[in-house]
Amino acid sequence: MSLTVEKIGGTSMSRLDELVQSLFIGDRAKTDLYGRVFVVSAFGGITDLLLEHKKTGKAGVYALYTSTEGQDWNAALQQVERAMCAEHDRLLSHPSDLQEAEAFVRERINGARNCLSDLERLCSYGHFRLADHLLKIRELLSGLGEAHSALVAVLLLQRAGVNATLVDLTGWRDQTDFSLEDRLKTAMDGLDAANEMPIVTGYAQCREGLMREFDRGYSEVTFSRLAALLGADEAIIHKEFHLSSADPKLVGADKVRKLGRTNYDVADQLANMGMEAIHPKAARVLRQAQVPLRVTNAFDQQDPGTLIDDQPTQSPAVEIVTGLDIIALEMFEQDMVGVKGYDATVLDILTRYNVRIVSKVSNANTITHYVDAPAKVVRKVETDLSTLYPSAKVSSRPMSIVSVIGRDMQGLSVLSRGLQAIAAGGMEAIGATQGPRNVDVQFILERKTLKPVIVALHNAFVSPAAIPELRVA
Ligand SMILES: Nc1ncnc2c1ncn2[C@@H]1O[C@H](COP(=O)(O)OP(=O)(O)O)[C@@H](O)[C@H]1O
Ligand SMILES: N[C@@H](CC(=O)OP(=O)(O)O)C(=O)O
């Protein structure tokens, strides 16, 4: 029997009703239903409400609870409860399923609320510090989202006649101290994948702390570790769209092309640009276990999607254009020339505030980091730098970055052609960089031009009108 481990992301989970009749069942014979283990994310937007919004940073329950300003986390938790119930009310129809899902949400949300209130009370005494428990709280809250979506999927599938089994790795009321590997092994032990369909929570409670090691996007880590552990024939990530030459929502679903084939190098560049084809740490696990990875469109299961492996391409080409808003953090110091240590100090401070660096440039007296972090955090970095280097000019500015990416773009003059395409669209690049490895070219822009520049570069390099050697066949 072949075995696949398959992950469904949050955006697709919210369309679970469509997936039951296509991805999960489709036109499969009864026996072909099995041999597939599904790892599921929380419904779209739920983890954002539980923790903080992944893109905007807007505070969720976790961020409110841990802020020092005494904010109303309880109201936010009620909002999560309402959002979860709205999801399963929309998806389930059988009264007993609805009842079960509602009771489940109530039990877990009340449990979490009690934990948070008790801890708050405890920490009002000097001996107990909230700071010692931050990670535990983050883990506790995260698990609620995946436990709920997995249960709803199981209820829907069982109602459709599938022998689906809930595999809850969230450690709810479980005292055992498992490593991730042991939690996965124990949960899978005794399951008969040939005759049942395990629906596994993308969050797994473990000694290492999934959130500490991997933070958001953690369900891909659970997915990859499970695929490696079970020696899966293939690991498959189902997404809302095919992995495409640009965001279909931005450029138009009819204008983008499916990648079809790419490699982990490109996947890493995408992750760096915040467009996670796969969590980089999950990619490494699959690479090492030699499990092939496929990214498909959850709603187009006739199509094999995109295979990601370690192979270089035969012919240079542009594969994808993607971008994001960043902040340019600049330190100008006349005395920097020829003196070592400035860079290391900036890095130390950025690390301390957990600021994600997307790219950087430096010259004789200026170091600029293009970072993906809330403005509030960047301001703290600026203050620390100004205190350490009183004669330096430290500043930050909102900007955007667009990257043109391909396994090999040797000889394609992407930098100069890209600048021409931007200028031809009446826009301007503030900066541009190309490394000697020829896998990406980055353009730095004013924020208002992010979207039109992605469209312009996609037109120039990928659309049917683009010069043939620039795009993937
Ligand atoms: N190059 C791209 N190919 C496909 N989707 C993309 C691309 N760039 C951005 N997206 C966007 O990514 C969004 C999230 O999709 P998906 O990865 O399925 O979410 P999730 O993390 O919930 O699985 C989609 O709505 C799509 O608009
Ligand atoms: N729900 C979690 C885990 C995850 O991986 O989600 P997604 O597959 O939707 O990116 C998050 O938002 O971080």
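Looking up the chain in an unreviewed UniProt entry gives the name aspartate kinase, with the organism given as Meridianimarinicoccus aquatilis. As recorded by UniProt, the Catalytic activity (unreviewed entry) comment attached to the chain reads in full: "L-aspartate + ATP = 4-phospho-L-aspartate + ADP". Looking at the Sequence similarities (unreviewed entry) heading of the UniProt record, one finds this comment for the chain: "Belongs to the aspartokinase family."

Participant: Tell me about the domain arrangement of the chain, residues and numbers included.
Facilitator: Domain annotation of the chain identifies domain 1 (4-232) and domain 2 (320-470). Relative placement of domain 1 and domain 2: their C-alpha centres are 35 Å apart.

Participant: Lay out the site of ligand 1 in plain terms, naming residues and giving numbers.
Facilitator: Near ligand 1 there are 17 residues, and of these Gly 9, Thr 11, Lys 239, Glu 240 and Asp 247 occur at the shortest range. Sorting the residues of the shell around ligand 1 by element identifies helix 1 (10-13), helix 11 (248-251) and strand 9 (320-332) as the ones contributing at least two each. A total of three residues in the shell around ligand 1 trace back to one element, the largest contributor, which is helix 1. Here the shell around ligand 1 is composed, by residue class, of six nonpolar, seven polar and four charged.

Participant: Got a sec to walk through the sheet that holds strand 7 (residues 293-297)? Specific residues and values, please.
Facilitator: Strand order in the open sheet formed by eight strands is 3-4-2-1-5-7-8-6, with mixed pairing between adjacent strands. The open sheet has two edge strands, strand 3 (164-167) and strand 6 (261-263), and neither has a second partner. Pairs of neighbouring strands in the sheet enclose a mean axial angle of 25°, with direction left out of account. By the bridge criterion, five bridges tie strand 1 (residues 4-8) to strand 5 (residues 234-239) in an arrangement that is parallel. When the bridges of strand 5 are listed, Thr 4 appears paired with Glu 234. Where helix 10 (residues 219-230) meets the sheet, it contacts strand 1, strand 2 (36-40), strand 4 (197-201) and strand 5, and its direction lies at approximately 175° from that of strand 1. Lying on the sheet, helix 12 (residues 264-272) is in contact with strand 6 and strand 8 (306-309); it crosses strand 6 at an angle near 75°.

Participant: Run through the sheet that holds strand 9, naming residues and quoting values.
Facilitator: The strand order 10-11-9-12-14-13 describes an open sheet built from six strands, whose pairing is antiparallel. With one partner strand each, in any of the chains shown, strand 10 (356-362) and strand 13 (431-434) form the two edges of the open sheet. The sheet shows a mean angle of 30° between the axes of neighbouring strands, direction not considered. When strand 13 meets strand 14 (residues 440-445), the two strands line up antiparallel, connected through four bridges.

Participant: Give a detailed account of the packing of helix 14 (residues 342-352) against helix 15 (residues 375-388), specifying residues and quantitative values.
Facilitator: Following both chains from N to C, one finds helix 14 and helix 15 inclined at 145°, their axes separated by 10 Å at the closest point. In this structure, the crossing between helix 14 and helix 15 has a hand that is right-handed. Facing Thr 345, Val 346, Ile 349 and Leu 350 of helix 14, the residues of helix 15 in contact are Val 381, Asp 384, Leu 385 and Leu 388. The class makeup of the residues in the contact of helix 14 with helix 15 is six nonpolar, one polar and one charged.

Participant: Provide a residue-level description of unusual backbone geometry, including the pertinent values.
Facilitator: The backbone of Gln 290 shows a phi angle near 55°, a positive value even though the residue is not glycine. On the secondary structure map, Gln 290 appears in the loop between helix 13 (280-289) and strand 7. Although it is not a glycine, Ser 413 sits at a positive phi angle of roughly 50°. Its location among the elements puts Ser 413 in the loop between strand 12 (393-405) and helix 16 (414-424).

Participant: Quick one: what's the story with the pairing of strand 10, residue by residue and with numbers?
Facilitator: Relative to strand 11 (residues 366-372), strand 10 runs antiparallel, the two sharing six bridges. Residue pairing in the sheet places Ser 359 in a bridge with Tyr 370 of strand 11. A loop of three residues connects strand 10 with strand 11, the two strands running antiparallel in sequence.

Participant: Describe helix 14, naming the residues involved and giving the relevant values.
Facilitator: Listed as buried for helix 14 are Tyr 342, Val 346 and Leu 350. Down the axis, helix 14 shows its buried residues gathered within 65° of arc, on one side only. Summarising the geometry of helix 14, the exposed residues directed more than 90 degrees from the buried face are Ala 344, Asp 348, Thr 351 and Arg 352. The elements touched by buried residues of helix 14 are strand 9, strand 10, strand 11 and helix 15. The first or second residue beyond helix 14 is Asn 354, which carries a positive phi of 55°.

Calculation rules
Residues numbered from 1 in each chain as written. Chains lettered and ligands numbered in written order. Predicted model: local features only at pLDDT ≥ 70, side-chain atom pairs only at ≥ 80, totals over all residues. UniProt positions renumbered as here; feature names shortened; annotations may be inferred. Domains from an automatic or database assignment. Near = placed C-beta within 6 Å. Helix = DSSP H or I, 4+ residues; strand = E, 2+ residues; numbered from the N terminus. Nonpolar A, V, L, I, M, F, W, Y, C, P; charged D, E, K, R; others polar. Pairing = 2+ DSSP bridges. Axes fitted to C-alpha atoms, helices over the stretch in contact; angles between N-to-C directions. Contact = placed C-beta atoms within 7 Å. Left-handed = near helix turned anticlockwise from the far one by under 90°. Buried ≥ 20, exposed ≤ 12 C-beta atoms within 10 Å, placed from the backbone. Arc of directions from axis to C-beta.

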